[in-house]
Amino acid sequence: MKNLCVCLALLVSTTVLAGQETSIVNIAKENNFNTCLPQLKIASDFIIGNKKHTTHAYWNTDKADQRMYSSLTSKGYSDGDSHVTIAAAQTISGKCDVFYVETYALPKACLVAREDTFQGFKYKGTMNDKTLLLENESGAVNIYLTPQGDSICLVSKREALYQ
């Protein structure tokens, strides 16, 4: 039974000032998730930046630095909040992989969002006959647009970063 994964969760509310770490990085540091910290910092600085946010994080208490660290962050915008999931883990080769997904609702139809907001992304197909799948030029970033009625579009932005 000692091999059971013991996970902890921590809720931290923070207003980030320029030059300060995100709560994602601070929680990871405080809980000895160090090996992948540089990659986690790059991802969280890029996706969270200096936006007001609150983080709910999970990590394994048994050898935290050798296991996955995951967080869900509520990121503040002037017109509403988004949810950002960031996860980082050391691979068997000792390198670090990180991914994030940011999700939010746009008050417009998904076809309009595709033409206006995401015009620089290439159409790649549909999922489940409703969700539009878009991709940036390099193929590294995907956008998923799912209608929520006629005038709301659920947007998810996903990117994986490999060391």
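Analysis parameters
- Residues numbered from 1 in each chain as written.
- Predicted model: local features only at pLDDT ≥ 70, side-chain atom pairs only at ≥ 80, totals over all residues.
- Heavy atoms only, no water.
- Buried < 20%, exposed > 50% of the residue type's maximum accessible area, 1.4 Å probe, protein only.
- Helix = DSSP H or I, 4+ residues; strand = E, 2+ residues; numbered from the N terminus.
- Disulfide = S-S within 2.5 Å.
- Core = buried A, V, L, I, M, F, W, Y, C linked by side-chain atoms within 4.5 Å.
- Contact = heavy atoms within 4.5 Å.
- pLDDT = per-residue confidence, 0-100.
- Pairing = 2+ DSSP bridges.
- Salt bridge = Lys/Arg side-chain N within 4 Å of Asp/Glu carboxyl O.

Visitor: Can you walk me through helix α1 (residues 23–30) in this structure?
Guide: Along an α-helix, a turn takes 3.6 residues, which lines up residues three or four apart on a common side. Within α1 the residues assigned to the buried category are S23, I24, V25, I27 and A28. Phi for N32, located one or two positions after α1, is positive at around 65°.

Visitor: Any chance you could explain the state of the cysteines here in plain terms?
Guide: What makes a disulfide is a covalent bond joining the sulfur atoms belonging to two cysteines. As enumerated under the stated definition, the model contains two disulfides in all. A disulfide bridge connects C36 with C96, and the sulfur atoms are separated by 2.1 Å. A torsion of -85° about the S-S bond marks the disulfide between C36 and C96 as left-handed. Of this pair, C36 sits in the loop between α1 and α2 (37–47) while C96 sits in strand β5 (residues 96–106), placing them 60 residues apart in sequence. Here C96 falls in the buried class, since its relative accessible area comes to 1%. Two residues share a disulfide in this structure: C110 and C153, whose sulfurs sit 2.2 Å from each other. Between C110 and C153, the S-S dihedral sits near 105°, and the bridge is therefore right-handed. Residue C110 is found in helix α3 (residues 110–116), and its partner C153 is found in strand β9 (residues 153–162); the two are separated by 43 residues along the sequence.

Visitor: Just to check I follow, could you spell out the nonpolar core for this structure?
Guide: Side chains of nonpolar character tend, in soluble globular proteins, to be buried together. Grouped together as the largest cluster of nonpolar side chains are 21 residues, with contacts concentrated most on F33, L40, Y69 and I86. Among the secondary structure elements, those contributing two or more residues to this core are α1, α2, β2 (53–60), β4 (80–90) and β5. Apart from residues no more than four positions distant in its own chain, F33 is found in contact with A28, L40, A64, D65, R67, M68, Y69, A88 and A89.

Visitor: Which parts of the structure should I look at to understand the confidence of the model for the protein?
Guide: Close inspection of predicted coordinates is inappropriate in any region flagged by low pLDDT. Taken as a whole, the protein shows an average pLDDT of 85; of its residues, 88% reach a score of 70 or greater. Between residues 1–19, whose pLDDT stays under 50, and residues either more than four places distant or in other chains, the model counts 40 contacts.

Visitor: Just to check I follow, could you spell out the pairing of strand β8 (residues 141–147) for this structure?
Guide: Looking down a regular strand, the side chains alternate between one sheet face and the other. With six of seven residues buried, β8 is to be regarded as a mostly interior element. Judged from the four bridges that link them, strand β7 (residues 131–135) and β8 form a sheet pairing that is antiparallel. In the strand pairing of β8, L132 is matched with L145. Taking the residues between adjacent antiparallel strands as the criterion, β7 and β8 are bridged by five residues, where G139 takes a positive phi near 85°.

Visitor: Looking at this structure, I do not really get the pattern of salt bridges. What am I missing?
Guide: Should their charged atoms come close, side chains of opposite charge can pair. Counted under the stated rule, the structure contains six salt bridges. Close ionic contact of K124 with E135 constitutes a salt bridge, the shortest N to O distance being 3.9 Å. Of this pair, K124 sits in strand β6 (residues 122–127) while E135 sits in strand β7, and the two are 11 residues apart along the sequence. Exposure remark for E135: the relative accessible area of 21% places this residue in the partly exposed category. Residues participating in the shared-partner salt-bridge network are E21, K29, K41 and D45.

Visitor: Explanation requested: the environment of N34 in the structure shown.
Guide: Tracing the backbone through its elements, the reader meets N34 in the loop between α1 and α2. Take N34: its relative accessible area is 40%, and that puts it in the partly exposed class. Sequence spacing of N34 and D65 is 31 residues, and the spatial spacing of their C-alpha atoms is 5.8 Å. In contact with N34, other than residues within four places in its own chain, are K29 and D65.

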